[in-house]
Amino acid sequence: QVEVVESGGGSVQAGGSLRLTCDGYGYIYDRPCMAWFRQVAGKEREEVAAIDGDGNTRYTDSVKGRFTISKHNGANTLYLQMRSLKPEDTAMYYCAVRLWPVCGDYQDFPFWGQGTQVTVSS
């Protein structure tokens, strides 16, 4: 059974930092695509950042220069270092895993965590 677990969320003042961690369990694959999504109640889920099997990264425009995605394939671990946080970053953050080296969109990720809440106050 594949399990994805996020941690590291919390409440922070604007301008602060958080590091989210995602751990994947129940699979052995060394080149997954892994991604962070976020969702605010009543709105569509948004891909924040993704990293493919070759280490290529992509970010949504609103977080470029502030967030950094990285992964440790051997441990099935994904990170999202978030800096200069803004109130608009407030959301539930989800980790997604695709056991394929190429990233698609949210529809292509079969494995998801339960989310970790990030709240940024002004």
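The structure presented is a predicted model; accordingly, all values stated were derived computationally and were not measured.

Q: Pulling in residues and values, what's your account of the overall build of the protein chain?
A: Along the backbone of the protein chain there are zero helices and eleven strands. Beginning at the N terminus, the succession of helices and strands in the protein chain can be written as β-β-β-β-β-β-β-β-β-β-β. The C-alpha atoms of the protein chain give a radius of gyration of 13 Å, which matches the 14 Å a tight globule of 122 residues would have. Seen through its principal axes, the protein chain has C-alpha atoms that stretch 40 × 25 × 25 Å.

Q: Before we move on, could you go through the state of the cysteines and cite the residues and values that matter?
A: The full count for this structure, using the stated rule, is two disulfides. The disulfide partner of Cys22 is Cys95, and the S-S distance across this bridge is 1.9 Å. Across the S-S bond of Cys22 and Cys95 the torsion is about -75°, and the bridge reads as left-handed. Taken together, the residues Cys22 in strand β3 (residues 18-25) and Cys95 in strand β9 (residues 91-98) connect sequence positions 73 residues apart. The same class applies to Cys22 and to Cys95, which are both buried. Disulfide pairing is shown between Cys33 and Cys103; the S-S distance is 1.7 Å. Taking the sign of the S-S torsion, about 105° here, the bridge from Cys33 to Cys103 comes out right-handed. Remark: Cys103 occurs in the loop between β9 and β10 (111-112) and Cys33 occurs in strand β4 (residues 33-39); sequence separation between them is 70 residues. An identical accessibility class is assigned to Cys33 and Cys103; each is buried.

Q: Outline the side chain of Asn76, listing residues and values.
A: Here Asn76 is to be found in the loop between β7 (67-72) and β8 (77-82). In this structure the side chain of Asn76 is engaged in a polar contact, spanning 3.3 Å, whose partner is the backbone oxygen of Tyr27. For Asn76, the contacting residues outside a window of four places in its chain are Cys22, Asp23, Gly24, Tyr27, Tyr29 and Met34.

Q: For the sheet that holds β3, give the residues involved together with the corresponding values.
A: Read across the open sheet, the four strands follow the order β1-β3-β8-β7; overall the sheet is antiparallel. Only two strands of the sheet have a single partner each, and these edge strands are β1 (3-7) and β7. The average angle at which neighbouring strand axes cross in this sheet is 15°, direction not considered. Of the strand pairs in this sheet, β1 and β3 are connected by five bridges, and their pairing is antiparallel. Bridge assignment links Glu6 to a residue of β3, and that residue is Cys22.

Q: Which residues make up unusual backbone geometry, and what values do they have?
A: With a phi close to 50°, Ser84 is a non-glycine residue in the positive phi region. Here Ser84 falls in the partly exposed class, since its relative accessible area comes to 39%.

Parameters at a glance
Residues numbered from 1 in each chain as written. Predicted model: local features only at pLDDT ≥ 70, side-chain atom pairs only at ≥ 80, totals over all residues. Heavy atoms only, no water. Helix = DSSP H or I, 4+ residues; strand = E, 2+ residues; numbered from the N terminus. Rg over C-alpha atoms; globule rule 2.2 N^0.38 Å. Disulfide = S-S within 2.5 Å. Buried < 20%, exposed > 50% of the residue type's maximum accessible area, 1.4 Å probe, protein only. Polar contact = N/O pair within 3.5 Å; in protein donor to acceptor, adjacent residues only side chain to side chain. Contact = heavy atoms within 4.5 Å. Pairing = 2+ DSSP bridges. Axes fitted to C-alpha atoms, helices over the stretch in contact; angles between N-to-C directions.

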